[in-house]
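Spelled out, the chains give:
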Amino acid sequence: MEFISSALQVLPRTEIDPDKWSQSGYHPTPTIIEAAQALYRDHQVEEITRSDASAHNLTVTTNKISQIIEVSKKNNKKSICFVTGVPGAGKTLAGLNIATVRAKEHNDEHAVFLSGNGPLVEVLREALARDESIREGIPKKDAHRKVASFIQNIHHFRDEALKSELAPYEKVVIFDEAQRAWGKEQASKFMQQKRGYPDFNMSEPAFLIGAMDRHHDWCTIVCLIGGGQEINTGEAGISEWLIALKEQYKDWDIYVSNRLNDRDYFWDPELSESISKIACQYEPELHLSVSMRSFRADALSEFASHVIENQPERAKEAYLRIADRYPIVLTRDMGAAKTWVQSQARGTERYGLVASSGAIRLRPDGINVKDKIDASVWFLNDQSDIRTSFYLEEVATEFDVQGLELDWIIVGWDADFRYKNNAWNHYNFRGTSWQGVHKMQRKLYLKNAYRVLLTRARQGIAIYVPKGEVSDHTRPPEFYDETFNYLKACGIKEL
């Protein structure tokens with residue numbers, strides 16, 4: 001109280017209108033979890049984003065999607081729209097907003113948010129259920145039941161559509177991270193071997209569009225597309241969606257972002273040229289160009305791209321534009337990295353340890369990527385729980401954190417993605433040694449894993465590169481030294 005009184009004597013006094021203050025918007029950029037909770041409580045998307053370019057960009061995109069839905073509904077047309085965006089630009093938030101708005105204002109549409117990202121679905125459902133249980137004073141299991149109709153795992157939606165040939169209950173479906181849908185080979189293999197459908201022979205996008213095509217009047221699919229984020233075997237990128245539309249569903253109206261043809265979304269130039277011939281309506285409003293996640297670093301995604309594309313000078317230039325607002329440090333001492341993130345965090349800001357799922361030889365440093373985290377506990381529980389991110393003991397991989405975020409992170413950098421002879425080299429640890437990765441698609445997955453890790457923090461990053469061990473043939477110093485020096489050349493200061 002004494003401190004407050006002293007401060008009031010020094011600082012200039014301004015009158016605050018309590019009514020105006022209570023009705024004013026919520027301006028700090030929330031996490032995706034906080035944003036989802038706010039939307040579920042009927043807040044408007046404008047209230048939970050900053051009044052700047054990112055908020056404007058997000059509002060324009062959500063309005064465009066609503067307009068497309070209304071046109072489809074009015075004209076009894078089936079439509080699909082593809083929303084692109086830089087990492088952290090608000091694609092998931094845009095999708096959640098559409099789902100909540102349509103569900104509350106147009107309950108006959110039964111809009112649903114679908115994701116194949118298990119940890120994202122798990123964390124969002126648990127966060128919303130906890131919040132709903134406390135606010136409404138209802139058992140958490142009842143809150144979970146309500147939330148489940150709003151956010152679903154895409155595999156549950158797919159399996160329900162397999163049980164019946166009737167049109168789905170939902171008229172508006174939002175597919176998050178649609179670029180991660182399985183191609184024909186992976187989907188067919190899984191459905192035949194794991195689900196007992198021996199005749200299944202199509203890509204996941206082809207099946208999902210076909211399920212919605214059962215509607216006799218209208219429906220709308222919204223595909224949220226992240227550039228450079230295919231990270232797992234069988235993930236086909238955006239191409240399978242467009243191939244299915246071109247070959248099987250020519251009567252659908254297709255709305256695409258004017259950035260869909262960028263190399264971030266099509267890594268195969270020949271396929272890109274082929275897809276460009278499909279009849280589409282290009283809508284610039286369907287691209288989210290400004291990062292919301294790194295609110296101190298709009299250029300973070302650009303910096304990360306330059307780092308993994310072996311463009312150190314451009315990476316350095318990009319980092320110089322954000323260095324005063326977004327600290328990135330480099331160290332070979334894990335203890336120093338932990339101390340740094342702990343000292344940077346303020347109040348409820350969250351920090352954690354992440355690494356590539358292929359970072360097998362970080363285990364001598366206490367980083368075991370084979371130990372699976374409980375995502376909802378790791379992301380949501382407080383500092384009293386040793387299983388949370390706060391303890392910096394359990395490590396999350398790209399599969400755990402894609403679509404989610406922390407305030408501060410430590411990125412453990414192993415020899416699976418190592419710099420050697422002025423180029424990035426790709427490796428997979430098998431048995432007792434590192435094996436070179438030669439398939440272009442596997443190289444893409446590995447590169448994208450590090451892209452995902454480098455764009456998970458809202459406020460800052462510590463990158464840990466081990467020193468290696470001369471007596472260990474799986475992690476000699478030369479596996480790490482060039483990577484460390486390359487990252488320094490990208491403008492990252494050593495801690």
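Described below are features of the structure shown in this document.

Conventions adopted
- Residues numbered from 1 in each chain as written.
- Predicted model: local features only at pLDDT ≥ 70, side-chain atom pairs only at ≥ 80, totals over all residues.
- Heavy atoms only, no water.
- Axes fitted to C-alpha atoms, helices over the stretch in contact; angles between N-to-C directions.
- Helix = DSSP H or I, 4+ residues; strand = E, 2+ residues; numbered from the N terminus.
- Parallel < 35°, antiparallel > 145°, perpendicular 65-115°, else oblique.
- Left-handed = near helix turned anticlockwise from the far one by under 90°.
- Contact = heavy atoms within 4.5 Å.
- Pairing = 2+ DSSP bridges.
- Buried < 20%, exposed > 50% of the residue type's maximum accessible area, 1.4 Å probe, protein only.

## Description of the packing of helix H3 (residues 32–40) against helix H6 (residues 118–136)
- Where H3 meets H6, the axes come as close as 10 Å, and the angle between the chain directions of the two elements is 50°. In this view, H3 runs oblique relative to H6, as classed from their interaxial angle. As for how H3 packs across H6, the hand of that crossing is right-handed. Counted together, Ile32, Ile33, Ala36, Gln37 and Tyr40 of H3 and Val123, Leu124, Ala127, Leu128, Asp131, Glu132 and Arg135 of H6 form the full contact between these two elements.

## Some thoughts on the sheet that holds strand E13 (residues 417–420)
- Strand order in the open sheet made by the three strands is E13-E14-E15, with antiparallel pairing throughout. Only two strands of the sheet have a single neighbouring strand rather than two, namely E13 and strand E15 (433–436). Between one strand axis and the next, the sheet turns through 50° on average, direction left out of account.
- Pairing analysis gives four bridges linking strand E14 (residues 423–430) to E15, with the strands arranged antiparallel. Paired with Asn428 across the bridge in E15 is Gln435.

## Some words on unusual backbone geometry
- Positive phi outside glycine occurs at His110, with the angle close to 55°.
- Of note, His110 is situated in the loop between helix H5 (91–105) and strand E2 (112–115).
- If you check the backbone angles, Asn310 has positive phi at about 60° while not being a glycine.
- Of note, Asn310 is situated in the loop between helix H13 (300–308) and helix H14 (312–320).
- The exposure class assigned to Asn310 is partly exposed, which follows from its relative accessible area of 27%.

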